[in-house]
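Okay, here's what each chain looks like letter by letter:
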Amino acid sequence: MKPALREQILTILAEIPAGRVTTYGRIAAMTEGGTPRLVARALRDLPAGHDLPWFRVITASRRLADHGGADEQRQRLVAEGVIFDALGRVPAEHLWP
DNA sequence: CATCTGACATAAT
DNA sequence: GATTATGCCAGAT
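These remarks concern the structure in this document. A quick note: this is a predicted structure, and the numbers were derived from the prediction, not measured.

This next bit is on the protein's contact with DNA strand C. The environment of DNA strand C is made up of M1, T35, R37, L38, R41, R63, L87 and R89. Each atom of DNA strand C within 4 Å of the protein belongs either to a base or to sugar and phosphate, the latter forming 83%. At 3.0 Å, a side-chain N or O of R63 approaches a phosphate oxygen of DNA strand C. Considered class by class, the residues forming the surface near DNA strand C number three nonpolar, one polar and four charged.

If you want it as structure tokens, here you go:
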């Protein structure tokens with residue numbers, strides 16, 4: 001992974017306001033040469049204990065990505081006021097432009 | 001070097 | 001909506 005790209009991804013991540021979420025694709029589109037998979041990889045490679053809001057990144061279908069920390073992610077988002085409907089999806093109002 | 005895999009997206013069905 | 005198929009790209013094997 002190119003250091004510059006990861007830096008862009010992390011910078012964008014840090015800009016997401018509390019109570020809002022964004023998708024892998026949107027982050028990828030804001031970077032140069034970024035793809036959703038690279039964004040996913042960048043997050044996966046983050047060391048545990050960092051201070052970035054990794055939990056504010058969801059999939060394009062507005063659901064949580066399938067990974068081990070999904071439960072914690074859901075809890076953190078709910079704690080911030082993000083709402084999940086009966087289908088486990090996040091309403092579009094929470095999306096960060 | 002050839003394959004497989006996955007914190008994904010998109011289009012078709 | 002849910003599933004399936006494809007494209008994508010970096011790591012691991």
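This part covers the protein's contact with DNA strand B. Around DNA strand B, the structure places 13 residues, and the nearest of them are R37, R44, A60, A65 and H67. A distance of 3.0 Å separates a phosphate oxygen of DNA strand B from a polar backbone atom of A60. Between DNA strand B and D66, the relevant distance is 3.0 Å, taken from a sugar or linking oxygen to a main-chain nitrogen or oxygen of the residue. Elements with a contribution of two residues or more to the surface near DNA strand B: α2 (24-30) and α3 (36-44). It is α3 that contributes the most residues to the surface near DNA strand B, five residues altogether. Split into classes, the residues belonging to the surface near DNA strand B amount to seven nonpolar, three polar and three charged.

We now examine the environment of A42. Its place among the elements puts A42 in helix α3. Take A42: its relative accessible area is 1%, and that puts it in the buried class. A sequence separation of 17 residues divides A42 from T59, and the C-alpha atoms of the two residues are 15 Å apart. In this structure A42 touches M1, R6 and I9, once residues within four positions along its chain are discounted.

Take the packing of helix α1 (residues 3-15) against α3 next. In contact at an axis separation of 10 Å, α1 and α3 are set at 80° when each is read in the N-to-C sense. Between α1 and α3, the angle is such that the two are roughly perpendicular. Two secondary-structure elements touch here, α1 through L5, R6, I9 and L13 and α3 through L38, V39, A42 and L43. Residues of the contact of α1 with α3, tallied by class, amount to seven nonpolar, no polar and one charged.

Tallying each qualifying case throughout the model produces one aromatic pair. Summarising the aromatic geometry, the rings of W54 and F55 are spaced 5.8 Å apart at their centres and angled 80° between planes, so their arrangement reads as edge-to-face.

So, how was this worked out
- Residues numbered from 1 in each chain as written.
- Chains lettered and ligands numbered in written order.
- Predicted model: local features only at pLDDT ≥ 70, side-chain atom pairs only at ≥ 80, totals over all residues.
- Heavy atoms only, no water.
- Near = heavy atom within 4 Å.
- Polar contact = N/O pair within 3.5 Å; in protein donor to acceptor, adjacent residues only side chain to side chain.
- Nonpolar A, V, L, I, M, F, W, Y, C, P; charged D, E, K, R; others polar.
- Helix = DSSP H or I, 4+ residues; strand = E, 2+ residues; numbered from the N terminus.
- Buried < 20%, exposed > 50% of the residue type's maximum accessible area, 1.4 Å probe, protein only.
- Contact = heavy atoms within 4.5 Å.
- Axes fitted to C-alpha atoms, helices over the stretch in contact; angles between N-to-C directions.
- Parallel < 35°, antiparallel > 145°, perpendicular 65-115°, else oblique.
- Phe/Tyr/Trp six-rings, centres within 6.5 Å; stacked < 30°, edge-to-face > 60°.

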